[in-house]
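Summary of structural features
Below are the chains, spelled out letter by letter.
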Amino acid sequence: MNEAARIKQASYHLYTFTASKLISTFGSSVYAFGISLYVLALTGSAASFAINLICSILPRSLLAPFAGYTADKYSKKTIVVLSQVVSMLSVAGLLIYSLLNGLSLTAIYTTTALLSISSMFTGVTFSSSIANLIDPDRIQRAMGFNQSAISIAAIGGPVVGGMLFGFVSMNVFLMIQVSAYAIAVLLESTMNFKLYTVRAERAVGEATKTMMTEMKEGFSYLKSNRVITVIVTVAIGINFFFSSMMIGLPFIAVQQLNVKATHFGMIEAMIAVGMLAASIYFSISKEVRFPLLFAKRGILGMSVLLAGMAIPLIVGMSYGVMVVYFLLLMLTFGMTNVFVNTPIGVMMQKDVDEEYRGRVFGILESMAMAMMPLGYLLFGLLYDVVPAEYVVGASSFCLIVLTGYLMRPSVLKEAHPELQKNLSNQPEPL
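Quick caveat: nothing in here was measured; it's all calculated off a predicted structure.

What about a nonpolar patch on the surface?
- A surface patch of nonpolar side chains, about 370 Å² in accessible area, is lined by I54, L58, L62 and L63.
- Position of L58 relative to the elements: it lies in helix α2 (residues 46–73).

Written out as structure tokens, the structure is:
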């Protein structure tokens, strides 16, 4: 295939990948919203809702490294298509069960766990495939489009789900999800996951390696690459300390400041709006020159915004000013979140060797996801016994210290050797 044909195929991938991501993610968002409301309406128990959340998070944490190994070992296209088919069949199975017996908590929990596993295989494999699907010059655009699809689904899913929940049965939610997965499968089956591969065929000796050996090689590769290790470690820290925001935002706004439910919904939605705005920016802008430095500044900005949640608790504000403050705070937070994730994502697509990319992304997802339930538990307890302003302030400070240490100048120079040269060529200040 000549270069012009590859570029044309990459352009097709860019828009097909985005459409597939938007359709499947939007369907998942509608389903997740609907099933959450159904569980709460059925049981009236927060514990039942929490169990459903655990069924969504725990399998991803445990099996993500295996998904990464699978993505490196076998055909990425086959894994993506099969995992989407499994997702479709899981929801279709729940729909059939519902039509025959009515929905039960056991059936919902089982489906949630199956969806968590299958979508994790899809996500890890797709994450490790972007550099194979898209030409190097447009990887940032692909990452921006991908984030835009997620943001649109995050904004629109609950809106559509909320409207549907009041007028249609849960079976309609399930049919929407099945249809979304079916369309995604059709789109993904037309993509060439080897368009920009640079990976040589496996040698005969390598084919005899056991799964555990190859997974250990993934960890060894990660440890041997200082910059990628730093990225993974920082991601773990971000997920842990920003659990204080996920728990603290509703606690501070609703419980302590008595923000109305409708206004709080708008505040939460502003995170997705900010992510969408930043994603659009990255999809049309030039590639970030020093992504690790850019991400460091973004994380420090997010840390300051985290501490900013405590300001209304310390400084007296009228109700209107307080709501506007939170709206702007969450809008900015959503934007800085993408400012961190997109450049780092592009960097990992280009810097991680293709034969290890699946395992690295699998390890990243596993370790980052594992921090979320731990963070939820710890900060949930802390907010009950420690003033909220101290919790968010301490979380912000710890994240700033962690980022400053892990992303110290020596690491930035190793990641971007040209950075020091660029700085040395600048004129001395007057």
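Having seen it, we continue.
Concerning the packing of helix α10 (residues 243–256) against helix α15 (residues 354–385)
- As a packed pair, α10 and α15 sit with axes 8 Å apart at the nearest point and diverge in direction by 45 degrees. Taken together, the axes of α10 and α15 are oblique relative to one another. Viewed along their axes, α10 and α15 form a crossing whose handedness is right-handed. Across from S243, S244, M246, I247, G248 and F251 in α10, the residues of α15 making contact are M371, M372, G375, Y376, F379, G380 and Y383.

Examining the environment of P291
- Within the secondary structure, P291 is located in helix α12 (residues 291–308).
- Residue P291 is classed as buried on the basis of its relative accessible area of 12%.
- It is 8.2 Å that separates the C-alpha atoms of P291 and V346, two residues lying 55 residues apart in sequence.
- Beyond its immediate stretch of four places on either side in the chain, P291 contacts P343, I344, M347 and H416.

Examining the confidence of the model for the protein chain
- Of the residues in the protein chain, 93% reach a pLDDT of 70 or more, and the chain-wide mean stands at 84.
- Here residues 426–430 is modelled with pLDDT under 50, and outside its nearest four sequence neighbours on either side it reaches 0 contacts, counting other chains as well.

Let's talk about unusual backbone geometry
- A positive phi angle, close to 60 degrees, is found at N258, a residue other than glycine.
- Position of N258 relative to the elements: it lies in the loop between α10 and α11 (261–284).

Some details on the packing of α12 against helix α16 (residues 388–406)
- Two elements in contact, α12 and α16, have axes separated by 8 Å at closest approach and are oriented at 165 degrees. Of the possible angle classes, the one that applies to α12 and α16 is roughly antiparallel. Read as a crossing pair, α12 and α16 show a hand that is left-handed. Facing α12, whose interface residues are K296, I299, L300, S303, V304, L306 and A307, α16 presents V392, S395, S396, L399, I400 and T403.
- Classifying every residue of the contact of α12 with α16 by side-chain character gives 8 nonpolar, 4 polar and 1 charged.

Criteria and thresholds
Residues numbered from 1 in each chain as written. Predicted model: local features only at pLDDT ≥ 70, side-chain atom pairs only at ≥ 80, totals over all residues. Heavy atoms only, no water. Patch = residues over 30% accessible without salt bridge, like charges linked within 9 Å, V, L, I, M, F, W, Y side chains within 5 Å. Areas by Shrake-Rupley, 256 points an atom, 1.4 Å probe, with all protein chains shown as cover. Salt bridge = Lys/Arg side-chain N within 4 Å of Asp/Glu carboxyl O. Helix = DSSP H or I, 4+ residues; strand = E, 2+ residues; numbered from the N terminus. Axes fitted to C-alpha atoms, helices over the stretch in contact; angles between N-to-C directions. Parallel < 35°, antiparallel > 145°, perpendicular 65-115°, else oblique. Left-handed = near helix turned anticlockwise from the far one by under 90°. Contact = heavy atoms within 4.5 Å. Buried < 20%, exposed > 50% of the residue type's maximum accessible area, 1.4 Å probe, protein only. pLDDT = per-residue confidence, 0-100. Nonpolar A, V, L, I, M, F, W, Y, C, P; charged D, E, K, R; others polar.

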